[in-house]
Amino acid sequence: MPFVLGTAGHIDHGKSVLVKALTGIDPDRLREEKERGMTIDLGFAWLTLPSGRDVSIVDVPGHERFIKNMLAGVGGIDLALLIVAADESVMPQTREHLAILDLLRVDNGIAVITKSDLVDSDLLELVTMEVEEVLAGTTLAGAPIIPVSATTGESIQELVATIDSMLDSTPSKRDIGRPRLPIDRIFTMSGFGTVVTGTLIDGSLSKGREVVIVPSNIKTHLRGLQSHKQGVDSIEPGSRVAANLANISTEQLNRGDVITTPGWLKPTRALDVKLRLLPSAPRKLEHNTTVTFHTGAAEAQARVRLLDAGELEPGDEAFAQLVLDNPIAVVKDDLFIIRSPMETLGGGLVLDPEAKRHRRFHAVTIERLTAREAGTTEDVILSALDPVKPIELSKLISMCSIPAAEVAKGVGSLEQKGRLVALDEKNERLIFAASGWESLARSAHSTLEKYHKENPLRQGMPKEELKGKLKVIERYFSQAVNRLASDGVLSESGTLVQLPAHDVKLTPEQQKKIDAYLKALSSEPYSPPPEATIEPDLLGVIVGQGKAVKVADNVVFATDAYDEMVRAIADHIKANGQVTVAEVRDKFNTSRKYALALMEHLDSQKITRRVGDGRVLR
């Protein structure tokens, strides 16, 4: 299982020197870094531990001017090495980096006191006590503290053994089948073209796979993959990876872009979050304050809309909506940091990456966000559902950011409890909140009620007409009608739907016309007299009652005569192999018009099939 270590700490406290002592690799790759003796951008190295496991190391800059570069590298690490120089002890960037690790919920780490050879034992003990004190109250409280010297090699092997031991109990990175590779470096390699690096999360990637760059939505494919400078065919979540991208230039990419599989990850400009302001924040955070937002390797300006607080005091938490000036790619449960131009202010958890604008202090909104923050899988599913509009299961899984199997199980449980309704179509499901399904049922009932009122003599409303009124996703319409019928909202009659209680009521005059028409049909059952006509609505009543069959425009047979003709035609075909229109005409002493209309009708009903000049049974 791959692991990533990340350094953190104040400038010139020996992070890069320690990484070189551990790995033999100098992570300072830029000429300017060599000249200035400081890490400006992210550096990378790797190490094979005594257990045989390989770990990647991300070395981040300590200077406060390069905090945003530090933020691009610290996401996705399994273990943090907080570096404190023995000759300077805890410094401003030590505290800021530790605050960032705390906000990003990094709870696995080691405090490494470097340059131990430069101080005596009494000062080293004082520095150790100060480090213990600064760790208290953070996610790294109680972390091992190991003094080392990268120059003499003192305790370097102890540090390596401690890293190895702590990784024994580090859980595997989650794999929900939706790989994301936030890009933290972009460069060109001779003979290869564009190469990007990042830490893979939430899924695996393989060589040759089609991928998309979000938010630009540029499609490409993975020409090659490397980990620790070794070519690989596939890569697991939690790995540092270099990806060679096909047919794309470095100018088309930006740090913070995300490489993923097509069809699911959408960029956003508004997200609902749980926000915590650091106790060390210099001032309270007011509604509509502009900050810099960082998540993964992405950065954007953001306006903070507080949803359940008038203002946020240092150390306090609140639900908020962040409105971004540039779209970024995030999912539920991603962690983030907010900063002013010179300092880290706070951070938190993404609850809804596709947020709609909310009213402030709106109880329903706060309840929904509370469920998304700390609820069970079922709570998260329910909070993700729109009260009215349905959502397909694949989209719901993406919104919940929970493994697909868990979401499917939660949906099944909620369906049994009556909290939602699911319609199945092949390999997909359409999910309604209970309120959404009730809204659809009310709409169907009122639509049919209005139709019956306007068309009292019609047996029912054509299904296609109801489809246009309900605006259900087309491929789920039949399932919706079936479910509405099983719920007793409507009933089906072939291509028609109606309210279960609907009954055609005729006036005495209308009934008289129907009786006269049926009598006329029966007088010449195989050749209905041309003068036998009736209003379309009354004919619909007769057909709906099963007393007549309309086989074509202006060609109607009484049901008894129709059934007799169908039986006789079937018997003829069984005896002779086929029947022609002329034979039907002669058999019933009718005209070609009626015989042809009847046979074309039987073809449409899939009772017969035309073969040359004759018909055979299907």
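Nothing here was measured: the structure is a model prediction, and the numbers come from that model.

## Description of the overall build of the protein
Assigned secondary structure in the protein consists of 18 helices and 35 strands. Computed over its C-alpha atoms, the radius of gyration of the protein comes to 36 Å, more than 25% above the 25 Å expected for a compact globule of 618 residues. A principal-axis box enclosing the C-alpha atoms of the protein has dimensions of 120 × 55 × 40 Å. Looking at the protein residue by residue over its 618 residues, the buried ones come to 51%. A separation of at least 24 residues holds for 65% of the contacts in the protein among residues at least 6 apart in sequence. Element-wise, carbon and sulfur atoms account for 49% of the exposed surface of the protein, whose accessible area totals about 28600 Å². Computing the positive centroid from 74 side-chain charges and the negative centroid from 85, the protein places the two 9 Å apart.

## Thoughts on a nonpolar patch on the surface
Residues Leu123, Leu126 and Met129 make up a contiguous nonpolar surface patch of roughly 290 Å² in combined accessible area. Inspection of the secondary structure puts leucine 126 in helix α5 (residues 121-135). Among the residues examined, leucine 126 registers a relative accessible area of 54% and is labelled exposed.

## A look at the sheet that holds strand β6 (residues 145-147)
A sheet is described by the order of its strands in space; here six strands give the open sequence β2-β3-β1-β4-β5-β6, paired in mixed fashion. Of all the strands in the sheet, just β2 (43-48) and β6 have a single pairing partner and so form its edges. This sheet shows a mean twist of 25° between the axes of neighbouring strands, independent of strand direction. Of the strand pairs in this sheet, strand β1 (residues 3-9) and strand β3 (residues 54-59) are connected by four bridges, and their pairing is parallel. Bridge pairing in β3 links phenylalanine 3 to valine 55. Against the sheet, helix α6 (residues 156-168) touches β1, β3, β4 (79-85), β5 (109-114) and β6, its axis set at about 170° to β5.

## Topic: the environment of leucine 49
When you line up the elements, leucine 49 lands in the loop between β2 and β3. Take leucine 49: its relative accessible area is 3%, and that puts it in the buried class.

## Section: unusual backbone geometry
As a rule of thumb, non-glycine residues mostly have phi less than zero, and peptide bonds are mostly trans rather than cis. Looking along the chain, the bond that leaves valine 214 and enters proline 215 is cis, with omega of 20°. A positive phi is found at asparagine 247, a non-glycine position, where the angle reads about 55°. Assignment of secondary structure puts asparagine 247 in the loop between β15 (240-245) and β16 (258-260). For lysine 606, which is not glycine, the phi dihedral falls at a positive 60°. By secondary structure assignment, the location of lysine 606 is in the loop between α18 (592-604) and β34 (608-611). Taking the relative accessible area as the measure of exposure, lysine 606 reaches 59% and is therefore exposed.

## Looking at the side chain of arginine 240
Positionally, arginine 240 belongs in strand β15. Given a relative accessible area of 8%, arginine 240 falls into the buried group. There is a polar contact of 2.7 Å between the side chain of arginine 240 and the side chain of aspartate 184. Setting aside its immediate chain neighbours within four residues, arginine 240 contacts Val4, Phe44, Ser56, Val58, Asp184, Thr197, Gly198, Thr199, Gln226, Ser227 and Ile235.

## Overview of the packing of helix α11 (residues 434-454) against helix α13 (residues 477-486)
The interhelical angle for the contact between α11 and α13, taken along N-to-C directions, is 85°, at an axis separation of 11 Å. Between α11 and α13, the crossing angle belongs to the class labelled roughly perpendicular. Residues Trp437, Ala441 and Ala444 of α11 lie in contact with α13, whose contacting residues are Ala480, Arg483 and Leu484. When grouped by side-chain class, the residues that make up the contact of α11 with α13 number five nonpolar, no polar and one charged.

## Things to note about helix α14 (residues 508-523)
Taking 1.5 Å of rise per residue, the 16 residues of α14 would be expected to cover 22 Å, and the 23 Å separating its terminal C-alpha atoms lies within 8% of that figure. Regarding α14, the residues found buried are Ile514, Tyr517, Leu518 and Leu521. Buried residues of α14, seen end-on, are gathered within an arc of 95° and therefore sit on one face of the element. Residues of α14 that are exposed and point more than 90 degrees away from the buried face comprise Pro508, Lys512, Lys519 and Ser523. Along its buried surface, α14 packs onto α15 (536-544), β31 (548-552) and β32 (555-558).

## A word on the pairing of β5
Of all six residues that make up β5, six are buried, and the element is covered over most of its length. Covered by surrounding structure in β5 are Gly109, Ala111 and Ile113 together with Ile110, Val112 and Thr114, the residues of both alternating faces. Pairing geometry for β4 and β5, over six bridges, is parallel. Residue pairing across strands places leucine 81 opposite isoleucine 110, the latter belonging to β5. Crossover connection from β4 via helix α4 (residues 92-103) to parallel β5: handedness right-handed. Direction of pairing for β5 relative to β6: parallel, over a ladder of three bridges. Opposite isoleucine 113, over in β6, you have proline 147 as the bridge partner. Taking the sense of rotation as the criterion, the β-α-β connection linking β5, α5 and β6 turns out right-handed.

## Some remarks on the pairing of strand β27 (residues 428-433)
Of all the six residues making up β27, six are buried; the element is thus mostly covered by neighbouring parts of the structure. Where burial is concerned, the two faces of β27 agree: the one with Glu428, Leu430 and Phe432 and the one with Arg429, Ile431 and Ala433 are both buried. As paired strands, strand β25 (residues 391-392) and β27 are joined by two bridges and run antiparallel to one another. By the bridge assignment for β27, glutamate 392 is matched with leucine 430. As paired strands, strand β26 (residues 420-425) and β27 are joined by six bridges and run antiparallel to one another. The residue bridging leucine 420 from the neighbouring strand is alanine 433, located in β27. Where β26 hands over to β27, the hairpin turn is made up of two residues, of which lysine 426 adopts a positive phi near 55°.

## Focus on the nonpolar core
Grouped together as the largest cluster of nonpolar side chains are 29 residues, with contacts concentrated most on Leu101, Val131 and Leu135. Of all the secondary structure elements, the ones that give two or more residues to this core are β1, β4, α4, β5 and α5. Once you skip the residues sitting within four places of it in the chain, leucine 135 turns out to touch Leu82, Leu98, Ala111, Leu140, Ala141, Ala143 and Ile145. Formed by 25 residues, the second largest nonpolar core is a distinct cluster that contains Leu312, Ala318, Val330 and Leu345.

What counts, and where the lines are drawn
Residues numbered from 1 in each chain as written. Predicted model: local features only at pLDDT ≥ 70, side-chain atom pairs only at ≥ 80, totals over all residues. Heavy atoms only, no water. Helix = DSSP H or I, 4+ residues; strand = E, 2+ residues; numbered from the N terminus. Rg over C-alpha atoms; globule rule 2.2 N^0.38 Å. Buried < 20%, exposed > 50% of the residue type's maximum accessible area, 1.4 Å probe, protein only. Contact = heavy atoms within 4.5 Å. Areas by Shrake-Rupley, 256 points an atom, 1.4 Å probe, with all protein chains shown as cover. Lys, Arg positive; Asp, Glu negative; His and termini not counted. Charge placed at Lys NZ, Arg CZ, Asp CG, Glu CD. Patch = residues over 30% accessible without salt bridge, like charges linked within 9 Å, V, L, I, M, F, W, Y side chains within 5 Å. Salt bridge = Lys/Arg side-chain N within 4 Å of Asp/Glu carboxyl O. Pairing = 2+ DSSP bridges. Axes fitted to C-alpha atoms, helices over the stretch in contact; angles between N-to-C directions. Polar contact = N/O pair within 3.5 Å; in protein donor to acceptor, adjacent residues only side chain to side chain. Parallel < 35°, antiparallel > 145°, perpendicular 65-115°, else oblique. Nonpolar A, V, L, I, M, F, W, Y, C, P; charged D, E, K, R; others polar. Expected span 1.5 Å × (residues − 1). Arc of directions from axis to C-beta. Right-handed = clockwise from strand over helix to strand, strands pointing away. Core = buried A, V, L, I, M, F, W, Y, C linked by side-chain atoms within 4.5 Å.

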